[in-house]
Structures are given as structure tokens and as C-alpha cells.
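# Descriptive analysis of the structure
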Amino acid sequence: MEVVEEYMQRLYQSGLYPDKFICHGKQGNLVDVEDPKGDKRYKLLTFCTNDVLGLVQSEAVKQSAIDAIVKYGTSNSSCSVLSGRIDLHRQLEQEISTFKHLPHTHLFLNAWMAMQALVDGFCHLAINIPGFHHTRETLIMTDVLNHGCILSAVVNAGNRSGRMFSHSPNVRVKAYRHCDVNDFARKLRRYAKPGDRIMVVSDAVFSMDADIAPLPEMLDVLENYPGSVIVMDEAHASGAIGATGGGIYEHFGISPQQVLDRGMIPLIMTTFSKFAASAGAAISSHLPEMVDLLDVSPTSIGTISLPPPITGAALESIRQLKQNPQLVATLQANTRYLRSRLIEHDFEVIGETNVIPVVLPPEYNPKLFTRHLMEKYGIWVSAIWFIAKPRLRITANALHTKEEMDLLVEGLVRTREDLYKPATVATA
């Protein structure tokens, strides 16, 4: 504990520790926020929520969560294998399968657990069965900028929990340069061996750079490796890209069935914390055995199933999306408008989605910048200071108005002038 104390004191002193705000209420994009020290309150216009379709405060979604509590209580209090599932789980799985065009879906408490269960199950299977063994090694290919839930699952895939319960061959993990299809193809040629089981894992939309994985080109490369599995993490793609918010496959005009027809295996991870006004995650597959394997993975067996109100909220959110496709059109229009306004005012904007990273000059302090924006102009954006290129991370959503987006741009411009305007040269 002395090591912990010393480390944290150094972290506080370095300015690297994040500010932790307390929210007391929310109405639309206005949030009542308490300062970390507890001595100030602000009414802030937020541009840092991942509630991309504005469904968190939907009356229908809230009522669905309440109805689930009334019928089932607040928790299932056990895993589905030991205590069964509720009908809402089955309904949600069916809705996701229809949404993602893959007929079989399994729910998880969050994306980290879903990805661990998938990697463990695929690489190591689950329960040791007398007389059964396989000898084929697994090669996992991962984008260097994949989300932490992917990196956590794959980086130690050779000795994750799945291997404790079965006997399986080696797992080799190789990274390729970010969205670089040439490097991806080169690494596959270099590392793939005859007989390998190949799994490629990528964000569909990258959460810090806001760019989209080059799925069509990746499929062209993988077609040379029949039977390979391609996993898309659609956390920031669902509800955000594609004409109806269907995600990366809809965005590129590709169906999972077309991928299957070309000899590759698509798996999709859907998460509910962004577009679906809830929490949790799901893995969808064309193969029922894949979902059943996930059901008996250590990650599933050792964890409670998705709580009823969370399930109800996610289920109703997906139904609301299907009934109101204009939410996606509004989100995408807001994204285009806000990106154009920021570029117009000489901010370095990267990516192409509703996640809008603004890369700052090296002399700018992101935390100082966002605190000034908050305290003087009443606007809340996320400061990202712990990666190679410090930035502001702005998220547009379907509830933002042009007036609110204009206020954001004006606040950013004024903050830049307040903190970093050139020094005035005195004249005689």
C-alpha cells in the first residue's frame, strides 16, 4: 500500500489524474454538475455524452426499464446457466440478431467481458471433454489502436482464463498498423501458417480517432484465407453510421451473408452504452454453436446475467431506433455541421463520425482548456491528455441544435483566445 500511496501522490502532482465531476440531473443536453471539490455547481451544455441518439431520457425507454423492474425485480442474481434467463433476454437477443443480420446472439454485462469470453472460447473452447482435443493454433490479428477491451482480451490470449479449463494449442497475437490494409496483408503473409485458425479483431469506429475500419479492403485480403473469422466491435458504429444506424456493414453496403458467401465468418459485437441508452454487450454469429460455446465460457458461467431494467432499456431503445430512423439522419447532419464549423475556425479535426476529436497544438493543456471552457462559457467537453496527441473529444448527438453547436464553437474560439492568444507587442 505504500507503493500505491506514493504512486498516487505522484499522479496527483503530475496533473495526470482526471477531474471527477458529480452529475445531479440532466435535461436534454443540459447537465447539473458538481465540481470535484464539491464547492461549485454548474449548469453545463454537454458535448461529452455517448448518448448519440438521445434515448437515455426517452419516456418509452424509461418506462420499459420501470416495467422490467416491476415484473422481474432489479437483478437476476445469478448467471443464466444456473438460474435461467428472463424472456426480455430472449427478446433483446432476437432484436439484435435482426438488427445485425446474424441469427444467433449472446448477451454480456459489458464489452470487456464479451470480448474476453469470445477470445477464450474461440481459442481454448470451454470445458475439458475427455477424448476431445484439437491441434490447430490460432493467429489473432489486431489493429494497434483497438479499444482497450480488445487489447485486454487478445494480448494475453495464450494464457487467459479459458486455457485453465481445457487443453489447447498456442495462440499467436500480431498487431498491424492502424487501418493500414497493406500492412495487414503483409503481416498475414508473414505470420499465417497452414492449418492456422485466423481471427481478425477491429473496432468498426475507433473511439479516439473517429475513423472507420476499411472493412471492404480487409475482406478482400481475408478472402485468401478461407474460414478466417472477422470480428467487428461496433460500439461507436451502431446507431451512428449507415443509413439507418445499422453500423459498419450497412455503411459499406455489405451484408454478413455476403461475407459468409465469400468463405469468411463475420462476428459482430454490439454494445448498448452508446446508441441503446443502457449498458451491456452482445456477440452475434451465424452459427448457433458459437453462441452456445459463449454460454459455457468461464466468463458467462461466473457472472450474473444482464439485469432486467438494463435489458428492458436496451430492448426498447433498439425498437425506438427502428421506428425513428430520422434520429440517425439528424445525428449525421449534426456531425457534418459541427465538423464543418470547427474546420472553418481552424481547429484540427480528425476522423469522420459523430465522435469529433480536435487535436491540440503541443503547447495547449487539454485539462486547462476544458476547465476554462466549462467555468467561463458553461460548456462541457472531454479532455484527452494521456495519449500521444492530446486532444478534445467532442461528441455530437441527435438532440443538439444548431444554436447549441454554434455556442460550442464560439466557446472554443474564445477559450483559445483567452488562454493562448499572441502576446501584445508594446509600442513606443
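Residues numbered from 1 in each chain as written. Predicted model: local features only at pLDDT ≥ 70, side-chain atom pairs only at ≥ 80, totals over all residues. Heavy atoms only, no water.

Another point: a nonpolar patch on the surface. A surface patch of nonpolar side chains, amounting to about 370 Å² of accessible area, comprises V81, L82, I127 and I301. As for its position among the elements, L82 is in helix α3 (residues 80–83). (Patch = residues over 30% accessible without salt bridge, like charges linked within 9 Å, V, L, I, M, F, W, Y side chains within 5 Å. Areas by Shrake-Rupley, 256 points an atom, 1.4 Å probe, with all protein chains shown as cover. Salt bridge = Lys/Arg side-chain N within 4 Å of Asp/Glu carboxyl O. Helix = DSSP H or I, 4+ residues; strand = E, 2+ residues; numbered from the N terminus.)

A few words on helix α6 (residues 148–155). Three or more residues of α6 are buried, namely C149, I150, A153 and V154. The arc that holds the buried residues of α6, viewed along the axis, is 115°, so those residues lie on one side. Taken together, the buried residues of α6 touch α5 (111–124), β5 (138–143), β6 (171–176), β7 (197–203), β8 (229–233) and β9 (265–271). (Buried < 20%, exposed > 50% of the residue type's maximum accessible area, 1.4 Å probe, protein only. Arc of directions from axis to C-beta. Contact = heavy atoms within 4.5 Å.)

Here we take up the packing of aromatic side chains. Taken as a whole and assessed by the stated rule, the structure comprises six aromatic pairs. Among the aromatic residues, ring-to-ring pairing joins Y364, F369 and Y420 into one connected group. Between K367 and the ring centre of W385, over which it is positioned, the NZ or CZ distance is 4.9 Å. Positioned over the ring face of F347 is R416, at 4.1 Å from the centre of the ring. (Phe/Tyr/Trp six-rings, centres within 6.5 Å; stacked < 30°, edge-to-face > 60°. Lys NZ or Arg CZ within 6 Å of the ring centre and 35° of its normal.)

Our focus in this paragraph is the packing of helix α4 (residues 87–100) against helix α14 (residues 308–323). Where α4 contacts α14, the two axes come as close as 9 Å, and the packing angle between them is 30°. When you trace α4 past α14, the crossing you get is left-handed. Here α4 contributes L88, H89, Q91, L92, E95, I96 and F99 to the contact with α14, which in turn contributes P308, T311, G312, A314, L315, I318, R319, L321 and K322. Considering only residue class, the contact of α4 with α14 consists of nine nonpolar, four polar and three charged. (Axes fitted to C-alpha atoms, helices over the stretch in contact; angles between N-to-C directions. Left-handed = near helix turned anticlockwise from the far one by under 90°. Nonpolar A, V, L, I, M, F, W, Y, C, P; charged D, E, K, R; others polar.)

Attention now goes to the sheet that holds strand β4 (residues 104–108). Here seven strands make up an open sheet; going across it, the order is β4-β10-β9-β8-β7-β5-β6 and the pairing mixed. Strands with a single pairing partner mark the edges of an open sheet, and in this sheet they are β4 and β6. Taking the axes of each pair of neighbouring strands and ignoring which way they run, one obtains an average angle of 20° across the sheet. Examined bridge by bridge, β5 and β6 share six bridges and lie parallel to one another. If you follow T138 over to β6, its bridge partner there is V171. Along the sheet, helix α12 (residues 288–295) contacts β4, β9 and β10 (281–285); its crossing angle with β4, the most-contacted strand, is approximately 20°. (Pairing = 2+ DSSP bridges.)

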